[in-house]
Amino acid sequence: MAPVGGTAVQDHVALAEIELCGELIIAASAAQERLSLESIDEVLKVAEERDPSGG
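Report follows, based on the coordinates.

Quick notes on the rules
- All residue numbers here refer to positions counted from 1 along the written sequence of the relevant chain.
- The model is predicted, so local features are restricted to residues of pLDDT at least 70 and side-chain atom pairs to those at 80 or more, both for listing and for counting; the totals for chains, interfaces and linings are taken over all residues.
- Just so you know, side-chain values use all the structure's heavy atoms and leave hydrogens and water out.
- Elements are defined by DSSP. Helices are runs of H or I of four residues or more, strands are runs of E of two residues or more, and each kind is numbered from the N terminus.
- The buried label applies to any residue whose accessible area, calculated with a 1.4 Å probe on protein chains only, is under 20% of its type's maximum; exposed applies above 50%, and partly exposed to all values in between.
- Here the open area of atoms and residues is found with the Shrake-Rupley method and a 1.4 Å probe, where only the protein chains shown may cover a residue.
- The length a helix should cover is 1.5 Å for every residue beyond the first.
- Here a polar contact is taken to be a pair of N or O atoms separated by no more than 3.5 Å, where protein atoms must pair a possible hydrogen donor with a possible acceptor and residues adjacent in sequence count only if both atoms sit in side chains.
- What counts as an axis is a line fitted to C-alpha atoms, over the stretch in contact for a helix, and the angles between N-to-C directions run from 0 to 180 degrees.
- Any angle that is under 35 degrees is reported as roughly parallel, and any over 145 degrees as roughly antiparallel; angles of 65 to 115 degrees are reported as roughly perpendicular and all others as oblique.
- The crossing is said to be left-handed when, going from far helix to near helix, the turn is anticlockwise and less than a right angle, and right-handed when the turn is clockwise.
- What makes two residues a contact is simply this: any of their non-hydrogen atoms within 4.5 Å.

Focus on the overall build of the protein
Counting its secondary structure elements, the protein contains two helices and zero strands. In the protein, buried positions account for 4% of the 55 residues. Just so you have it, the protein exposes about 5200 Å², and 58% of that area is on carbon and sulfur atoms.

Right under this line is the structure:
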């Protein structure tokens with residue numbers, strides 16, 4: 001049970017991670033097939049390019 005009196009602590013990093021997980025869940029549920037790495041990057045708004053050799 002949460003303490004009473006306005007002592008709630010917000011972990012902004014955790015909240016952002018939860019939001020991103022939610023976005024992935026929504027995208028995965030709407031997809032006909034498994035999400036590709038590129039689709040996941042698009043959902044997460046990742047701008048970096050992946051190394052095609054996998055390294």
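Back to the text.
What about the environment of Asp-41?
Assignment of secondary structure puts Asp-41 in helix α2 (residues 37–44). By relative accessible area, Asp-41 is classed as buried at 10%. Sequence separation of Asp-41 and Leu-24 is 17 residues, and the distance between their C-alpha atoms is 9.8 Å.

Structural notes on helix α1 (residues 12–30)
Compared with the 27 Å implied by 1.5 Å per residue over 19 residues, the 27 Å span of α1 between its first and last C-alpha is a close match. Where α1 starts, the residue carrying a side-chain oxygen 3.2 Å from the main-chain nitrogen of Val-13 turns out to be Asp-11.

Quick notes on the packing of α1 against α2
Contact geometry of α1 with α2 gives a least axis separation of 9 Å together with a crossing angle of 135°. When the interaxial angle is binned, α1 and α2 end up oblique. Our pair here, α1 against α2, has a crossing hand that is right-handed. Here α1 contributes Leu-20, Glu-23, Leu-24 and Ala-27 to the contact with α2, which in turn contributes Ile-40, Val-43 and Leu-44.

Focus: unusual backbone geometry
We note that Lys-45 has phi near 60°; this positive angle belongs to a residue other than glycine. By secondary structure assignment, the location of Lys-45 is in the segment after α2.

Shape descriptors only; they carry no functional weight alone.
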